[in-house]
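Chain and residue survey
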Amino acid sequence: MRFFVPLFLVGILFPAIQAKQFTKCELSQLLKDIDGYGGIALPELICTVFHTSGYDTQAVAENNESTEYGLFQISNKLWCKSSQVPQSRNICDISCDKFLDDDITDDIMCAKKILDIKGIDYWLAHKALCTEKLEQWLCEKL
């Protein structure tokens, strides 16, 4: 028990990564400047991010040969650098860990590169879940 209290305090005072669980409206506000980027409307993007990561910056999904990180579930196989896949092409020129904090500026920059190169269907959730009935993904507060 003596070790628990100091360890608990260290965890509170020095969190390793500042993560954020966004709401639909918070994320809509942050992504409104890329509304229409690559022909993708904001509601499509909000829907895709929800079904990809649940708006959670610390979302991590491990697959057979790669791991996906952050809001946009960006893969270490092509887009970012990690120790798991040292031969990654690292197209976004960034460490994958950067996609797990609450600053989504770098996430957005990499997502835009993905949109430029692969398009919105890079995210499998888009085609299956985010092409129709997008009104529910609008935020009234914008």
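Keep in mind it's a predicted model, so treat the numbers as computed, not measured.

1. Thoughts on the UniProt feature "domain: Glycosyl hydrolases family 22 (GH22)" (unreviewed entry) in the protein chain
Sequence positions flagged by UniProt for "domain: Glycosyl hydrolases family 22 (GH22)" (unreviewed entry) are, in local numbering, residues 92–110. From the first C-alpha to the last, residues 92–110 spans 5 Å; its make-up is 32% helix and 0% strand.

2. Details of the packing of aromatic side chains
With the rule as written, the count across this model stands at 5 aromatic pairs. Look at phenylalanine 72 and tryptophan 123: their rings are 6.1 Å apart centre to centre, the planes differ by 50 degrees, and that puts the pair in the tilted class. You can see phenylalanine 72 sitting in the loop between β2 (67–69) and β3 (74–75) and its partner tryptophan 123 sitting in the loop between α4 (105–117) and α5 (124–129), a full 51 residues away along the chain. You'll find phenylalanine 72 and tryptophan 123 in the same group, each marked buried. Judged by centre distance (5.0 Å) and plane angle (90 degrees), the ring pair of tyrosine 122 and tryptophan 123 falls under edge-to-face. Through a chain of ring-to-ring contacts, the aromatic side chains of Phe72, Trp79, Tyr122 and Trp123 assemble into a single cluster.

3. Quick notes on the pattern of salt bridges
Within the structure shown, the criterion is met by 2 salt bridges. With a shortest N-O distance of 3.4 Å, lysine 20 and glutamate 26 are connected by a salt bridge. Residue lysine 20 is classed as partly exposed on the basis of its relative accessible area, which comes to 29%. Of the residues examined, glutamate 26 reaches a relative accessible area of 31% and is grouped as partly exposed.

4. Quick look at the confidence of the model for the protein chain
In the predicted model, the protein chain carries a mean pLDDT of 88, and 87% of its residues have values of at least 70. Scored below 50 in pLDDT, residues 1–15 makes 0 contacts in the model with residues more than four places away or belonging to other chains.

5. Some words on the nonpolar core
By size, the foremost hydrophobic cluster in this structure holds 33 residues, and its most contacted members are Leu27, Leu31, Phe72 and Ile74. Those elements that provide at least two residues to this core are α2 (24–31), α3 (42–53) and α4. The contacts of isoleucine 74, once residues within four sequence positions are left out, are Thr67, Glu68, Tyr69, Trp79, Cys80, Phe99, Asp107, Cys110, Ala111, Ile114 and Tyr122.

6. Overview of the sheet that holds β2
Strand order in the open sheet formed by 3 strands is β1-β2-β3, and the pairing between neighbours is antiparallel. At either margin of the open sheet sits one strand with a lone partner, and together these are β1 (60–62) and β3. Strand direction decides the pairing type here: β1 and β2, joined by 3 bridges, are antiparallel. Looking at the pairing, alanine 61 lines up with glutamate 68 of β2.

Parameters at a glance
- Residues numbered from 1 in each chain as written.
- Predicted model: local features only at pLDDT ≥ 70, side-chain atom pairs only at ≥ 80, totals over all residues.
- Heavy atoms only, no water.
- UniProt positions renumbered as here; feature names shortened; annotations may be inferred.
- Helix = DSSP H or I, 4+ residues; strand = E, 2+ residues; numbered from the N terminus.
- Phe/Tyr/Trp six-rings, centres within 6.5 Å; stacked < 30°, edge-to-face > 60°.
- Buried < 20%, exposed > 50% of the residue type's maximum accessible area, 1.4 Å probe, protein only.
- Salt bridge = Lys/Arg side-chain N within 4 Å of Asp/Glu carboxyl O.
- pLDDT = per-residue confidence, 0-100.
- Contact = heavy atoms within 4.5 Å.
- Core = buried A, V, L, I, M, F, W, Y, C linked by side-chain atoms within 4.5 Å.
- Pairing = 2+ DSSP bridges.

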